[in-house]
There are 2 protein chains.
Amino acid sequence: MHPELLLDNQICFRLYTATRLVTQAYTPMLTELGITYPQYLVLMVLWEHDNQPVNDIAHRLLLETNTVTPLLQRMEKLGLVVRQRGKEDKRQQIVSLTEKGKALEEQAYKTIPTGMGKELRFCPLKLEDYQRLAQELDSIINTLKK
Amino acid sequence: MHPELLLDNQICFRLYTATRLVTQAYTPMLTELGITYPQYLVLMVLWEHDNQPVNDIAHRLLLETNTVTPLLQRMEKLGLVVRQRGKEDKRQQIVSLTEKGKALEEQAYKTIPTGMGKELRFCPLKLEDYQRLAQELDSIINTLKK
DNA sequence: GTTTATTATATCGCGCACGATTTATTGTTA
DNA sequence: TAACAATAAATCGTGCGCGATATAATAAAC
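Report follows, based on the coordinates. (Residues numbered from 1 in each chain as written. Chains lettered and ligands numbered in written order. Predicted model: local features only at pLDDT ≥ 70, side-chain atom pairs only at ≥ 80, totals over all residues. Heavy atoms only, no water.)

1. Side note on the side chain of Glu136(A)
Among the structural elements, Glu136(A) can be located in helix 6 (residues 127-144). Glu136(A) sits in the buried class, given a relative accessible area of 4%. Polar side-chain contacts of Glu136(A) include one of 3.2 Å to the side chain of Arg132(B). If near-sequence neighbours (up to four positions away) are discounted, Glu136(A) is found in contact with Leu125(B), Asp129(B), Arg132(B), Leu133(B) and Glu136(B). (Helix = DSSP H or I, 4+ residues; strand = E, 2+ residues; numbered from the N terminus. Buried < 20%, exposed > 50% of the residue type's maximum accessible area, 1.4 Å probe, protein only. Polar contact = N/O pair within 3.5 Å; in protein donor to acceptor, adjacent residues only side chain to side chain. Contact = heavy atoms within 4.5 Å.)

2. Examining the packing of aromatic side chains
Enumeration according to the criterion identifies 12 aromatic pairs over all chains in this entry. Measuring from ring centre to ring centre gives 6.2 Å for Phe13(A) and Tyr16(A), while their planes differ by 35°; the resulting arrangement is tilted. Within this pair, Phe13(A) and its partner Tyr16(A) are both found in helix 1 (residues 11-33), separated by three residues, close to a single helical turn. The pair Phe13(A) / Tyr16(A) is uniform in exposure class, with both members buried. Summarising the aromatic geometry, the rings of Tyr26(A) and Tyr37(A) are spaced 5.4 Å apart at their centres and angled 55° between planes, so their arrangement reads as tilted. Residue Tyr26(A) is located in helix 1, and its partner Tyr37(A) is located in helix 2 (residues 37-48); the two are separated by 11 residues in the primary sequence. An aromatic cluster is built from Phe13(A), Tyr16(A), Tyr26(B), Tyr37(B), Tyr40(B) and Trp47(B), whose rings are joined through pairwise contacts. (Phe/Tyr/Trp six-rings, centres within 6.5 Å; stacked < 30°, edge-to-face > 60°.)

3. Considerations on the sheet that holds strand 3 (residues 93-97) of chain B
Spatial strand order, 1-3-2 (chain B): three strands in an open sheet with antiparallel pairing. Two strands lie at the open edges of the sheet, namely strand 1 (52-53) and strand 2 (81-85) of chain B, each paired on one side alone. (Pairing = 2+ DSSP bridges.)

4. Brief notes about the relation of the copies chain B and chain A
Least-squares fitting of chain B to chain A yields an RMSD of 0.0 Å, with the superposition described by an axial translation of 0.0 Å and a rotation of 180°. Overall, the copies show the geometry of a two-fold rotation axis. A shared interface surface links the copies, since 100% of the contact residues of chain B are contact residues in chain A too. (Least-squares fit on C-alpha atoms with pLDDT ≥ 70 in both.)

5. Some thoughts on the sheet that holds strand 2 (residues 81-85) of chain A
All names here are of chain A. In space, the three strands of this open sheet follow the order 1-3-2, with antiparallel pairing throughout. Taken across any chain shown, the strands that pair with only one partner, and hence form the sheet edges, are strand 1 (52-53) and strand 2. Pairing of strand 1 with strand 3 (residues 93-97), which is carried by two bridges, proceeds in the antiparallel orientation. Paired with Gln-52 across the strands is Val-95, a residue of strand 3.

Pasting the structure below:
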């Protein structure tokens, strides 16, 4: 009846589905590393800048601490990170990579970029299409965030 | 170190974030209707074609039945759908809209398209940008699905 | 300096997603 | 027809996301 309510006309359903399928494509490679996709995101944040409080990690990922805290607790159990109270501000938990967490960067570099390339080798999108897609997604993200 | 592992170079993180933020933008309007976003997707499927078995709904949404079955059970408790065994194939559960479920279509039509328009009124993307975005997402989805 | 407000993190509950397994029904084969 | 395979749902366990609330430490206001 209402074309605005047809599934095929929903950008959001496409986003939702594409996200799930891309995450599923990552999963076998991440399972090999013993981590999940959100854990991989946290590791990318820490590989770029180690020793961050929970809040900074959450802000970088646009997540709430009630998502990130349990995520970090699981990662601590896996031996990927350690958390210690901030010296100047005892409310903060400073999250740091362990040797195991640092070592995963090279493992990820060896398998994930080429692995995802293979997954998308039949995708008709070219480099410039991915760049434009990134810009369009950034427009949506910047409009809705905060 | 490795630019392939920088968060800012990840299409997948952008998809993941954009999906979460768009879903969050829907949430207040959906809460008004008493439903969640995945439940809204199921309703859109049924508004388009009522009386479908669980498998058809799952295929349409590219989800597994172990996600859809509990989703439908919750929707049945809410009085939005009813499930009854298929007549010719007793393994199937045929899902049908209740009057309450049907009535939500008009409620959704009144609030959601204009509400999302307001959320995105400062987004620089134009109609043709959204159309291209939809095509790009479809390329990714079609490459990875099945 | 004590009260009050803010901030950083943690905890709790619920609803997805999804891998793995189970149960019931149907289809196929010997 | 009996045995076996395939299919449709359901169940179970784990890990997110996130609204709501709680706790502890710091900052601000009086």
